[in-house]
Amino acid sequence: MKITPIGIYGSYPAAYGATSCYFVESGNAKIVLDIGCGAFSRLLGLIDPALVDAYIITHLHYDHYCDLFPLSYYPGRHVVYCPSTPADRFTLIRNSRALDVRVIGEGARISIKGIELSFARTAHGVETYAVRVSEGDRSFVYTSDTAWFDGLVGFCKGSELVLADCSFGEGAPHMTPSDGIRLRSESGSEVVAVHIDPVGGAERTAAAGLSVAKENEPIILW
Ligand SMILES: [Zn+2]
């Protein structure tokens, strides 16, 4: 299981960076989790986007899905899983003939070439899902965007790694670095911060003692 962070920023990217996008490969399975601003160009550097089995969009905030639109000009028909709200954004995506759009919701399960994906609704401004990616009895979690919520620890427990939205300051609809530390201690999983606030997020997170994902530096899990 190899995860390549293509874009690690939240809201907008740092210069020459990209917002949320993680390329996941294991065996023959090739899955992209979110495809934010600046991600499509980088994905092209890693793989022919037509060979990706599925694009999983955790929620319809621009920094997680906006590069679906350049993807929609790329040859092929691309499988996209996403929530069906907000309705205006969903309609825009669904109306693209290049995208084969399927809806995810609470409790959804997807199987792709030996990889199982399960979802948990998070605490965020729009309908948003954390994703647990499992292969046999091993797994990792990508929290997508969320503030702390009941059920997060249970969803993460037993996973080897949590890519966690935990670099923002207090009061945002995201976890703080101290939430990230709490998640690490209560779940027993390794926590790596993602969805980094471009204004001081990396520094804030590192100062709390959490590691921060690095763009284009793959994480080999098993
Ligand atoms: Zn968001």
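Please refer to the structure higher up on the page.
Presented here is a report on the structure given in the accompanying data block. (Residues numbered from 1 in each chain as written. Predicted model: local features only at pLDDT ≥ 70, side-chain atom pairs only at ≥ 80, totals over all residues. Heavy atoms only, no water.)

### Considerations on the sheet that holds strand β12 (residues 190–194)
If you walk across this open sheet you meet the seven strands as β7-β8-β9-β10-β11-β12-β13, and the pairing is mixed. In this open sheet, the two edge strands, each paired with only one partner strand, are β7 (109–112) and β13 (211–212). As judged from the five bridges shared by strand β9 (residues 129–135) and strand β10 (residues 138–142), these two strands associate in the antiparallel manner. Opposite S134, over in β10, you have S139 as the bridge partner. (Pairing = 2+ DSSP bridges. Helix = DSSP H or I, 4+ residues; strand = E, 2+ residues; numbered from the N terminus.)

### Details of the packing of aromatic side chains
Evaluated as defined, the whole model comprises four aromatic pairs. Ring centres 5.9 Å apart and planes at 40° place the aromatic pair Y62 and Y65 in the tilted group. Here the residue Y62 and the residue Y65 both occupy positions in helix α2 (residues 62–65), the gap between them amounting to three residues, near one helical turn. Judged by its relative accessible area of 51%, Y62 is exposed. Site record: aromatic cluster; members linked through ring pairs are Y62, Y65 and F69. The ring of Y62 is capped by R89, whose NZ or CZ atom sits 4.6 Å from the centre of that ring. (Phe/Tyr/Trp six-rings, centres within 6.5 Å; stacked < 30°, edge-to-face > 60°. Buried < 20%, exposed > 50% of the residue type's maximum accessible area, 1.4 Å probe, protein only. Lys NZ or Arg CZ within 6 Å of the ring centre and 35° of its normal.)

### Regarding the pairing of β12
Of all five residues making up β12, four are buried, and the element is well covered by its neighbours. Of the pairings in the sheet, the one linking strand β11 (residues 161–165) to β12 comprises five bridges and is parallel in character. Its bridge partner lying in β12, L161 is registered against E190. The β-α-β motif built from β11, the intervening helix α6 (residues 177–187) and the parallel element β12 has right-handed crossover chirality. Looking at chain direction, β12 and β13 are connected through two bridges and run parallel. Along β13, the bridge assignment pairs V192 with S211. (Right-handed = clockwise from strand over helix to strand, strands pointing away.)

### Regarding the coordination of the zinc ion
At this site the zinc ion is bound by H59 (NE2), H61 (ND1), H124 (NE2) and D145 (OD), with donor distances of 2.2 to 2.3 Å. All donors to the zinc ion come from one chain, and their sequence spacing reads H-x1-H-x62-H-x20-D. Here H124 is found in the loop between β8 (115–121) and β9, whereas its partner D145 is found in the loop between β10 and α5 (152–156), with 21 residues between them in sequence. Taken individually, H124 and D145 each receive the classification buried, so the pair is uniform in this respect. (Donors = N, O, S within 2.8 Å, 3.2 Å for Na, K, Ca; no water.)

### Looking at the nonpolar core
Inside soluble globular proteins, nonpolar side chains tend to come together where they are buried. By size, the foremost hydrophobic cluster in this structure holds 50 residues, and its most contacted members are L33, I56, L117, F119, F140, L163 and L183. If sequence neighbours within four positions are ignored, L117 has contacts with I56, A108, R109, I110, I112, V131, R132 and V133. Within the second largest apolar cluster, 21 residues are counted, among which are C21, F23, F40 and L71. (Core = buried A, V, L, I, M, F, W, Y, C linked by side-chain atoms within 4.5 Å. Contact = heavy atoms within 4.5 Å.)

### Here we look at helix α4 (residues 87–94)
The complete set of buried residues in α4 reads R89, F90 and I93. In an axial view of α4, the angular spread of the buried residues amounts to 100°, which keeps them on one side of the axis. Turned more than 90 degrees away from the buried face of α4 sit D88 and L92, all of them exposed. Buried residues along α4 sit against α2, α3 (68–71), β5 (78–82) and β6 (99–103). (Arc of directions from axis to C-beta.)

### Re the environment of L99
Tracing the backbone through its elements, the reader meets L99 in strand β6. Distance from L99 to V80, taken between C-alpha atoms, is 6.4 Å for residues 19 residues apart in sequence.

### Description of unusual backbone geometry
A cis geometry characterises the amide bond from T85 onward to P86, with omega recorded as -5°. For S11, which is not glycine, the phi torsion reads 75° and is therefore positive. With relative accessibility at 42%, the residue S11 sits in the partly exposed group. Phi at Y16 is positive, roughly 65°, even though this residue is not glycine. Position of Y16 relative to the elements: it lies in the loop between β1 (2–7) and β2 (21–26). On the basis of relative accessibility, which here comes to 79%, the residue Y16 falls in the exposed class.

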